[in-house]
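# Understanding the architecture of this molecule
Chain by chain, the residues run as shown.
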Amino acid sequence: MKTVLTGIKPTGELHLGNYLGAIKPAIELSKDEENQYAYFIADIHALNNDVKRKEGAINELSLKIAAAFFALGLDTDRCLFYKQSDIPQITEMSMYLMNETSKGLLNRAHAYKAKVQDNIINNNDPDNGINMGLFNYPVLMAADILIMDTDIVPVGKDQLQHIEITRDIAQSINNNYGEIFKMPEARIEEKTMVLPGNDGRKMSKSYGNTIPIFSTEKELYKNIMKIKTESIALGEPIPTQNSIIYTLFKAFLNNEEMKEINKQFEAGVGYGNLKKNLFEVINNELKEKRNSYYELLDDETYINDILIKNQSVVRNIAQSKLDLLKYKMLNH
Ligand code: ADP
Ligand code: TRP
């Protein structure tokens, strides 16, 4: 039995990119009862950017992530689902891990390096707007992973470096203090495509081009109608390459269902018709889930009960790993 763990940051309204790139694959994976699953809301990580947040924003987004996972079908009887900030052992462990992490390793971490680069380009002080939460981000992430004896970490490609840093830290501790940590492995879903937003760039909250997962039917329709398309005469074949609409169809339909869509592109049924069709496809997948999502959001007690139940289970697992690490490091 292997432990599969992943975290999601409560930093924005969930969109279709998050759904197809992270949440849906995590839920699909958890259907394999051979393994055990630990999914969590990485709310402390959400503090490391220097944006202005409105009061309560992180908690509100955390609740929405929990409601989304439950509405989209996570089996909470079999899978652990918790909030990072509810498990103080994680932050405590990160302090120990820091003492086995060279500063140079963290200097090379992408998220930090990109921020520094940005500052240099804009003639700012290199460390402008960078807090220690961001600099230490990979160490906290290592604690998230190592404290649960994780074997497999499903993540997007951008997170690969963080898993490598986690392995470096674990290896160094195991070398110096004896076998304490398992070596986690990243699982990158090669076939998960990068979903484009309504302007063709990667769908991302940073670009403001997202289609929210749980918008109302009307909003979803409006959002799909807004997708940029070039003008092509009715009856002319519509190119599928680099087509946002085509990529979205592909993300939601299987190969068999795509045959019909391919025909429609070839026949040149017009973007208006294709968009209506796309709306139906996405709406069909999300309709019932949307209703459960809003019912769950109205019932905070239900969500909190699950988080509290898991909190004590995870704290126990985490405490025994932390105790072992403390014993080994402090008695060495
Ligand atoms: P954003 O780009 O909106 O800030 P995050 O970086 O918070 O989203 O991503 C959370 C998760 O969703 C990550 O696992 C990421 O790989 C996935 N994800 C985000 N946007 C997309 C996208 N457009 N296509 C596929 N996966 C995505
Ligand atoms: N850093 C991840 C992201 O930005 C979120 C995350 C935090 C995570 N801790 C984790 C993912 C541990 C996997 C394992 O998407």
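Residues numbered from 1 in each chain as written. Chains lettered and ligands numbered in written order. Predicted model: local features only at pLDDT ≥ 70, side-chain atom pairs only at ≥ 80, totals over all residues. Heavy atoms only, no water.

Attention now moves to the pattern of salt bridges. For the structure shown, the criterion picks out 13 salt bridges. Here Glu28 makes a salt bridge to Lys31, at a shortest N to O gap of 3.3 Å. A relative accessible area of 44% means that Glu28 is categorised as partly exposed. When the shortest N-O distance is used, the salt bridge between Glu256 and Lys259 registers 3.2 Å. Highlighted residues: Glu256 and Lys259, both in helix H11 (residues 255–267), separated by three residues, approximately one helical turn. With respect to burial, Glu256 and Lys259 carry one shared label: exposed. Salt bridges sharing common partners tie together Glu13, Lys54, Glu60 and Lys64. (Salt bridge = Lys/Arg side-chain N within 4 Å of Asp/Glu carboxyl O. Buried < 20%, exposed > 50% of the residue type's maximum accessible area, 1.4 Å probe, protein only. Helix = DSSP H or I, 4+ residues; strand = E, 2+ residues; numbered from the N terminus.)

What follows deals with helix H13 (residues 300–330). Here H13 spans 42 Å end to end across 31 residues, near enough to the 45 Å set by a 1.5 Å rise per residue. Contact partners of the buried residues in H13: helix H2 (57–71), strand E3 (80–83), helix H3 (88–98), helix H7 (137–146), helix H8 (160–177) and helix H12 (271–297). (Expected span 1.5 Å × (residues − 1). Contact = heavy atoms within 4.5 Å.)

Glancing now at the site of ligand 1. Residues in contact with ligand 1, as listed here, are His15, Gly17, Asn18, Gly21, Ala22, Met193, Val194, Leu195, Lys202, Met203, Ser204 and Lys205. His15 has a polar side-chain atom sitting 2.7 Å from an oxygen atom of ligand 1. In the model, a nitrogen atom of ligand 1 is placed 3.2 Å from a nitrogen or oxygen of the Gly17 main chain. For ligand 1, whose accessible area on its own is 550 Å², the fraction buried by protein is 81%. Classifying every residue of the shell around ligand 1 by side-chain character gives five nonpolar, five polar and two charged. (Near = heavy atom within 4 Å. Polar contact = N/O pair within 3.5 Å; in protein donor to acceptor, adjacent residues only side chain to side chain. Areas by Shrake-Rupley, 256 points an atom, 1.4 Å probe, with all protein chains shown as cover. Nonpolar A, V, L, I, M, F, W, Y, C, P; charged D, E, K, R; others polar.)

Bringing the pairing of E3 into the picture now. Taking every second residue as pointing to the same face, both faces of E3 are buried, with Leu80 and Tyr82 on one and Phe81 and Lys83 on the other. Taken together, strand E2 (residues 36–41), H2 and E3 form a β-α-β motif whose crossover is right-handed. (Right-handed = clockwise from strand over helix to strand, strands pointing away.)

Grouped together as the largest cluster of nonpolar side chains are 57 residues, with contacts concentrated most on Leu16, Phe69, Phe81 and Phe249. Per element, the largest residue contribution to this core is nine residues, and it comes from H12. Other than its neighbours up to four places away in sequence, Phe69 contacts Ile8, Ile23, Ala26, Ile27, Tyr39, Leu74 and Phe81. Ranked by size, the runner-up nonpolar core spans 44 residues in total, among them Ile145, Ile147, Met148 and Val155. (Core = buried A, V, L, I, M, F, W, Y, C linked by side-chain atoms within 4.5 Å.)

Attention now goes to the pairing of E2. Most of E2 sits out of view: five of its six residues are buried. Crossover connection from strand E1 (residues 3–8) via helix H1 (residues 16–29) to parallel E2: handedness right-handed. Here four bridges tie E2 to E3, and the two strands are oriented parallel to one another. Counted as the bridge partner of Phe40 is Tyr82 from E3. (Pairing = 2+ DSSP bridges.)

A separate point is the side chain of Asn136. Within the secondary structure, Asn136 sits in the loop between helix H6 (132–135) and H7. Those residues in contact with Asn136 that sit more than four places away from it in its chain are Met98 and Leu106.

Taken together, 14 residues sit near ligand 2, with Lys9, Tyr137, Met141, Asp144 and Gln159 positioned nearest. Protein chains bury 89% of the 360 Å² of accessible surface belonging to ligand 2 in isolation. For the shell around ligand 2, the elements supplying multiple residues, two or more each, are E1, H7 and strand E4 (152–155). No other element matches H7, which puts four residues into the shell around ligand 2. Taken together, the residues of the shell around ligand 2 break down into eight nonpolar, four polar and two charged.

Of note, Asn123 is a non-glycine position whose phi angle comes to about 55 degrees, a positive value. With respect to the helices and strands, Asn123 occurs in the loop between helix H5 (110–121) and H6. Judged by relative accessible area, which is 72%, Asn123 ranks as exposed. Its identity as a non-glycine residue notwithstanding, Asn242 has a phi of 60 degrees, on the positive side. By the element assignment, Asn242 lies in the loop between helix H9 (217–225) and helix H10 (244–252).

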